[in-house]
Amino acid sequence: MITSLAYLGIRSPKVDEWPDLVTKVWGAQLAEPGPDGAVRVKFDDALWRLQIHPGEKDETAYIGWSVDREEDLQAVLKTLADLGVTGEVGSAELAAERAVNRIVVFTDPWGFRHEVTWGQSSVPCSFRPSRPLSGFVTGPQGLGHVLLLLPDIEQGHEFFSRLGFRLSDKIIIPGRLNARFYHCNARHHTLALGQCEPGVAGLNHLMIQVGSIDDVGLAYELAEEHGVPITLTLGRHTNDRQFSFYHSTPSSFHVEYGYGGLEVDEETWVPRVYDRTQIWGHRPHPSGKGRPFGIMHPVP
Ligand SMILES: [Fe+2]
């Protein structure tokens, strides 16, 4: 079943604003643009892991996942059929566009398009950070994690558990937050689900993790310097102990830029419940005031 987040695709009218964020703040690398003019971002030796396509409005275009073995895609198709969701084998053209060997596509009950892939293309020793950087934590842990907002996370739990996501823990703050965190590899969570109001769903943030605490401090300074709206200051999470800050992107969703997230040992891990998100920090920053909460869309 699913073993990592392979890539993320966004559509946005503000494609032109992305290269500065990627190179001047994150330290990631710009790959060759896509045929439609998409900004493609490299975090490691994979050809790209984030793609921002030109579009009329901000949209979560697709969430790309990986399976370890080609035959696991059959199991994904069978599980989707059991769940009453139509999964389709994507064309060779689509697989080539996404730089993978095989691809299965489906839309979940909340309107997110998912692409489950095998054989992501990479070129060894090809990653060149755009500024001095220890590098991004990827490999078997994938690109990072995404937080999806769903109007019914109980139903979300049933759905995503069947696709290989195992509960790491919950954070419940009565009247304020109801969130669940799921792992599918050693990363504490690759998928998080947060309860939102009925009728809508959305992408709140993507987390990318670097290999050094100083990379986070430097990114924070650079974000301030380049006028990137910081939504939450530096802080450390209770559950995955990630040391991070959050900033808004040109395309309505947020990026959590972090270091030191916990790794899960499947044999000994016991899920817990927390009643706060941070041990310290993660306070609202004036520059992030009024930024959208995420890319929201109506549930079909
Ligand atoms: Fe996060």
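Residues numbered from 1 in each chain as written. Predicted model: local features only at pLDDT ≥ 70, side-chain atom pairs only at ≥ 80, totals over all residues. Heavy atoms only, no water.

An unreviewed UniProt entry lists the protein chain under the name 2,3-dihydroxybiphenyl 1,2-dioxygenase, with Thermopolyspora flexuosa given as the organism.

Remarks on the UniProt feature "domain: VOC" (unreviewed entry) in the protein chain
In plain terms, the rule: UniProt positions are given in the numbering used here, feature names are shortened, and annotations may be inferred rather than shown by experiment. Runs of E in the DSSP output that reach at least two residues are strands. Runs of H or I that reach at least four are helices, and both are numbered from the N terminus.
Within this structure's numbering, the places UniProt gives as "domain: VOC" (unreviewed entry) are residues 4–119 and 142–260. Taken end to end, residues 4–119 comprises 22% helix and 37% strand; its first and last C-alpha atoms sit 12 Å apart. With 19% helix and 48% strand, the stretch residues 142–260 has end C-alpha atoms that lie 15 Å from each other.

A short note on the sheet that holds strand β2 (residues 29–30)
Think of a sheet as strands paired side by side through backbone hydrogen bonds, with each pair either parallel or antiparallel. What counts, and what does not: By this definition, two strands are paired if DSSP reports at least two bridges between them.
Within the open sheet, the eight strands sit side by side as β2-β3-β4-β1-β5-β8-β7-β6. Their pairing is mixed. Strand pairing shows two members of the sheet lacking a second neighbour, β2 and β6 (88–89), which therefore form its edges. By the bridge criterion, five bridges tie strand β1 (residues 2–12) to strand β4 (residues 50–54) in an arrangement that is parallel. Counted as the bridge partner of L8 is L50 from β4.

A few points about the nonpolar core
Spelled out, the test is: What we call a nonpolar core is a set of buried Ala, Val, Leu, Ile, Met, Phe, Trp, Tyr and Cys residues that are connected through their side-chain atoms within 4.5 Å. Each residue's exposure class comes from its accessible area (1.4 Å probe, protein chains only) as a fraction of the maximum for that residue type: buried when under 20%, exposed when over 50%, partly exposed otherwise. Where each domain begins and ends follows an automated or database-derived domain assignment. Here, two residues are considered to be in contact whenever any of their heavy atoms come within 4.5 Å of each other.
Counting 63 residues, the largest nonpolar core has W26, F136, F160 and Y257 as its most contacted members. Each of domain 1 (2–118) and domain 2 (139–298) contributes no fewer than three residues to this core. With residues near it in sequence (within four places) discarded, W26 still touches W18, L21, V41, F43, L50, R131, L133, F136, I208, H247, V255 and Y257. Y62, L94, A95 and V100 belong to the second largest nonpolar core, which has eleven residues in total.

Some points on the coordination of the iron ion
As a reminder, the rule being used: Metal donors: N, O and S atoms at distances within 2.8 Å, or within 3.2 Å for Na, K and Ca, with water omitted from the atom set so that some sites may seem incomplete.
The protein atoms that coordinate the iron ion are H145 (NE2), H205 (NE2) and E256 (OE), at distances of 2.0 to 2.2 Å. Sequence spacing among the residues donating to the iron ion works out to H-x59-H-x50-E. Taken together, the positions of H145 in strand β9 (residues 145–150) and H205 in strand β13 (residues 200–210) put the pair 60 residues apart, joining distant regions of the chain. For the pair H145 and H205, one class covers both residues: buried.

Considering the environment of L30
Tracing the chain through its elements places L30 in strand β2. Along the backbone, L30 and F43 are 13 residues apart, and their C-alpha atoms lie at a distance of 9.0 Å. In contact with L30, other than residues within four places in its own chain, are P19, V22, T23, V39 and R40.

Brief notes about the pairing of strand β14 (residues 230–237)
Summarising the sheet, β14 and strand β15 (residues 243–248) pair through four bridges and their orientation is antiparallel. By the bridge assignment for β15, I230 is matched with H247. Linkage of β14 to β15, two consecutive antiparallel strands, is achieved through a turn of five residues, within which R241 is found at a positive phi near 60°. Pairing of β14 with strand β18 (residues 278–281), which is carried by three bridges, proceeds in the antiparallel orientation. Following the sheet pairing, R236 is matched in β18 by W280.

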